[in-house]
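# A look at the structure
Now for the letters of each chain:
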Amino acid sequence: MSHSQLDQLVSMANQIANNNAHQGDETVVVNFVASHLKRFWARSMKQQIIDYSQTADNNLNHIAAKAVAELAKEYA
Amino acid sequence: MLQHYTPSTRDVTKLDPNKDYGTAASTSTTLVTLEIDGVEVTVPDGTSVMRAAALADINIPKLCASDNLEAFGSCRLCTVQIEGRRGFPASCTTPVNAGMKVITQNEKIAKLRRNVMELYISDHPLDCLTCPANGNCELQDMAGAVGLREVRYGFDGHNHLEAEKDTSNPYFTFDPSKCIVCSRCVRACEEVQGTFALTIDGRGFDSKVAAGQDEGFLDSDCVSCGACVQACPTSTLMENSVIDMGQPEHSVVTTCAYCGVGCSFKAEMKGDQVVRMVPFKGGDANQGHSCVKGRFAFGYATHKDRIKEPMIRDSIDEPWRTVSWEEALAFSAERLKAIQEKYGRESIGGITSSRCTNEETYLVQKLIRAAFGNNNTDTCARVCHSPTGYGLKTTLGESAGTQTFDSIRHTDVMLVIGANPTDAHPVFGSMMRRRLREGAQLIVADPRKIDLLKTPHLKDALHLPLRPGTNVALVNSMAHVIIEEGLEDTNFINERCEDEAYQKWRAFISKSVNSPESMESVTGVSANDVRHAARVYAESNNGAIFYGLGVTEHSQGSTMVMGIANLALATGNIGREGVGVNPLRGQNNVQGSCDMGSFPHELPGYQHVSDDVARSNFESVWGVKLDNEPGLRIPNMFDSAIAGSFKGMYVQGEDIAQSDPNTHHVEAALKSLECLIVQDIFLNETAKFAHVLLPGSTFLEKNGTFTNAERRINRVRKVMPPLAGKEDWEVTVALSNALGYPMDYQHPSEIMDEIAQLTPTFTGVSYQFLEEQGSIQWPCNEENPLGTPIMHEVDFPIGKGNFAVTEYVATEERASRRFPLLLTTGRILSQYNVGAQTRRTDNQVWHDEDVLELHPHDAEERGVKDGDWLGISSRAGQTVLRAVISERMQAGVVYTTFHHPGSGANVITTDNSDWATNCPEYKVTAVQVEKVSQPSQWQRDFVQFDKKQQSFLREDRKVDV
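Description of the structure in this document. Note that the structure is a prediction, hence the values are computed from the model and not measured.

## Overview of empty space enclosed by the protein
All names here are of chain B. All told, the structure shown has eleven cavities of 30 Å³ or more when counted by the stated rule. Approximately 660 Å³ is the volume attributed to the largest cavity. In terms of lining, the largest cavity is formed by 43 residues, of which the most central are L549, E553, T825, G826 and K923. Those elements giving two or more residues to the lining of the largest cavity turn out to be α18 (549-552) and β29 (821-826). At three residues, the largest contribution of residues to the lining of the largest cavity is made by β29. Residues belonging to the lining of the largest cavity are distributed by class as follows: 17 nonpolar, 17 polar and nine charged. Estimated volume of the second largest cavity: approximately 250 Å³. Taken together, 21 residues line the second largest cavity, and the ones lying closest to its centre are R355, I681, S697, T698 and Q837.

## Section: the interface of chain A and chain B
On the side of chain B, 31 residues touch chain A, which itself brings 25 residues to the contact. In this assembly, chain A and chain B are joined by three salt bridges. Where chain A touches chain B, the interface holds eleven residue pairs in polar contact (both at pLDDT 80 or more). Every element with two or more residues in the side of chain A that touches chain B is listed here: α1 (3-19), α2 (26-40) and α3 (43-53) of chain A. At seven residues, the largest contribution of residues to the side of chain A that touches chain B is made by α1(A). When the residues that make up the side of chain A that touches chain B are grouped by side-chain class, the tally is ten nonpolar, eleven polar and four charged.

## Observations regarding the pattern of salt bridges
Residues and elements named next belong to chain B. Within the structure shown, the criterion is met by 51 salt bridges over all chains. Two residues, D305 and R840, come together in a salt bridge whose shortest N-O distance is 3.0 Å. Of the two residues, D305 is situated in the loop between α7 (292-296) and β12 (311-312) and R840 in the loop between β29 and β30 (851-854); the sequence distance between them amounts to 535 residues. The shortest N-O distance in the salt bridge between R306 and E701 comes to 2.8 Å. Here the residue R306 occupies a position in the loop between α7 and β12, and E701 occupies one in the loop between β25 (692-695) and β26 (704-707), the gap between them amounting to 395 residues. Take R306: its relative accessible area is 0%, and that puts it in the buried class. Exposure remark for E701: the relative accessible area of 1% places this residue in the buried category.

## As for the packing of helix α13 (residues 471-484) of chain B against helix α15 (residues 499-509) of chain B
All names here are of chain B. Following both chains from N to C, one finds α13 and α15 inclined at 105°, their axes separated by 9 Å at the closest point. The orientation of α13 with respect to α15, classified from their angle, is roughly perpendicular. Each of N476, A479, H480 and I483 in α13 lies in contact with α15, whose residues at this interface are Y502, W505, R506, F508 and I509. For the contact of α13 with α15, the class distribution of residues is six nonpolar, two polar and one charged.

## Observations concerning helix α21 (residues 612-622) of chain B
All names here are of chain B. Within α21 the residues assigned to the buried category are A614, R615, F618, E619 and W622. Buried residues of α21, viewed axially, fall in a sector of 135°; they line one side. Counted as exposed and oriented over 90 degrees from the buried face of α21: V613 and S620. On the buried face of α21, the contacting elements are α9 (358-372), β21 (602-603), β22 (607-608) and α26 (748-758). Its side-chain oxygen placed 3.0 Å from the backbone nitrogen of V613, D611 serves as the N-cap of α21. Taken from the residues just after α21, G623 is the one with a positive phi, measuring 70°.

Criteria and cut-off values
Residues numbered from 1 in each chain as written. Chains lettered and ligands numbered in written order. Predicted model: local features only at pLDDT ≥ 70, side-chain atom pairs only at ≥ 80, totals over all residues. Heavy atoms only, no water. 1 Å grid on protein atoms, 1.4 Å probe; cavity = no way out; pocket = protein on both sides within 12 Å on 5 of 7 lines; lining within 4 Å. Points joined across faces, edges and corners; volume = space filled by probe spheres on them. Helix = DSSP H or I, 4+ residues; strand = E, 2+ residues; numbered from the N terminus. Nonpolar A, V, L, I, M, F, W, Y, C, P; charged D, E, K, R; others polar. Contact = heavy atoms within 4.5 Å. Salt bridge = Lys/Arg side-chain N within 4 Å of Asp/Glu carboxyl O. Polar contact = N/O pair within 3.5 Å; in protein donor to acceptor, adjacent residues only side chain to side chain. Buried < 20%, exposed > 50% of the residue type's maximum accessible area, 1.4 Å probe, protein only. Axes fitted to C-alpha atoms, helices over the stretch in contact; angles between N-to-C directions. Parallel < 35°, antiparallel > 145°, perpendicular 65-115°, else oblique. Arc of directions from axis to C-beta.

Here it is in structure tokens:
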């Protein structure tokens, strides 16, 4: 796994979170982002972001991190 | 091999599309009965006598009349007598009346017509035998019809026989010595094309057709659409191909393979050679009109650069080896299997082509899902209209535009956002211009002053020159005005829209942060103008939105599409003629490639791969287990390739190395593949990185269907054999068989039958039904047996319309001190996309290099003059283009096209993308521009690499000879 690929995935996840902050309260937004990742990301991308989210000091923003945690419940 | 057009059986088109009825059809529903030569004829009120007669197959001689033009009454050949009226009225300008008795032929009329004809012929060269129109000349036909036997005036008088030819246009010749000044060309340029490039200069005997200010055609405003050539009843305006080859002997109706308008053409043939492409009046999308690309730029099909044989090589640093189809396919299959063995099932994938047919696209994604065993399929829609798919599906429930093109006849206000129809969708651009001349209002939201704003006889127009990247801010502030000022359509919202979503959206959009006044500093558009535009759109009877890649190719592309749908829902501009949300599709079959399941998360018909019911239908027909997880999208494939987990690709008819953003990144990805199979008609930029090159076939060499931007499925018909022996679908079949997944189709119609079986919106589609109907707009199924011209008339596929909250989030790509300008990219009329086709035609005379357009203010600040070489740098890369100073641009924004590979426009675009779909943000790149004296490093490398790869191709051909 290269750095640039991971950087790209992190920035994509953060971007999805940032663009949907107004969908509702935090639970609604987190579920929206998790569902988006589930429906549009390939298996390998999901796995990489889940693995990454479990590292300390990761760069996922608050919502994205929670959404990935939701995703992890299903895919880990 | 050849299939001929069968006239449609629909009542409204019982007309013969190959016959000219002299004047246009009347839209009146009141019927009038009259008598013509003793025959009783019933026609709609407002029909001309000429047309009424023609409908009864009484064909009155005519020269200046044509049913795609307004009646003109100048040639006087169509005179008739009407009982109870004096004189000899022209039948083209005389409307029918109830009980009218018309005589079209008697001795007096015959004499009059002969006299008229005699005058015409007294100033016409009598070189009929050697004239290019011989065999298809209306003047000659009319001379025959009226029985002209002598010209008493002689030919020595004052005449135009020595008038000089104008051969400046590469595709047609203007020979004024043959002109009868019927004005058909001038009127076609005005009424059909809407360019007003031609005029009649002088008076009386000196009247002559002139282009522009009496200049050559090429230097005038002429856009070479061919309408004048088609209108000319003599050989005054004649295709050079007819001058060279003579008249065609048969014709086949097919569909153009350029833009998403999907024009129908008659390919007029001599054997298997195309003599000319003539727009087909029976084509429901284009209704007999064309542009310079479809009409004339077909010569690439027989260009010397065509790849004629399969080729393979072990590494991209080696010359190509020409091999048999069997060897090339076995080599491909072996390599793909070895890669999967070594790196896993998900290590390979493929790209379907939006230039190929529905059937071909369907087969490629089937090959990937069934034979590769993964969902790593994507298509060029990823980089153009994927946000349309996402945004419209979320809000309206279907990933497609809502209207027919023809619906624009009922539009009162056009809101055009991020689209440039007169260049990119020229035939539809002409339809828009016609409606604008009739008085429709125009609102354009675009950083550039597009040509639609310069429509001759435009009545009321408003330009909102927003900053690139601020679409969502603009559309939100328009919606804010609509709610704030109570301009919403409450009935429509109550009856047709989901209330909870609406209330949520309403609360969001009403916030003062979304007001035009708050957003003014973001968009750069005056709040007053935004308020005015919102009122005009909301208060019109029929407001229609048209948009293009200026909407989708942004970090908020999907948000913007939803913002557009919100506007249409809030104002009730959905579900009838004249309104709607109309994405203007870039490539001929980009709608079709999306419909056919090219995306990694969707099976054909937009059925998600995780949908167990849909997937099991495919599994039972395809006989394999399918993956229920989405695959990689194009940019994800590139990232994975560089990371080392993605190693093999099958690319049909798409040039990702030129068209995709951040060229350095794309090239690095392609170089890291162990097996790249490219199927194309030329050695395109991507093929230079390939290990297998499979010859593709052009649209002229195959059977199939394309689906245009109106969801219209049109037949593509083979007029010549494929150069390398296989149509593209046959290559995919052979590759699948080589991989051990058997495919067995004898004809594309069998593929369509399978598509219909598995796609709920296509169940009624078959080749037989297409022959009967001419074309079909999906959904075509039990509920909509004849197809669906206008969508969402009663309800939405998701039940009720769904307002989406569309918060404006600024892109991370911002102008800075280092990169103070914003670059945006687009297309021009004469070239198409990466230019692989049009660069190999005479369209080069209009645009043989990409240039950088910049505002005089930005030019002055940098000491730049027209024609200077400019280095353009972004954080992704640098390239060099020539400067063109243009006031179409706003200060701070520069613009270029990407039609020529050596320009490297995508060397500077970045890998930013739409949050929802990864559609690249082509339309916003922060750049700096400075004068330079030599090409960029990338360009110098490109020239070297290109030279090497071309020699690898030639070396092999030398051996072959």
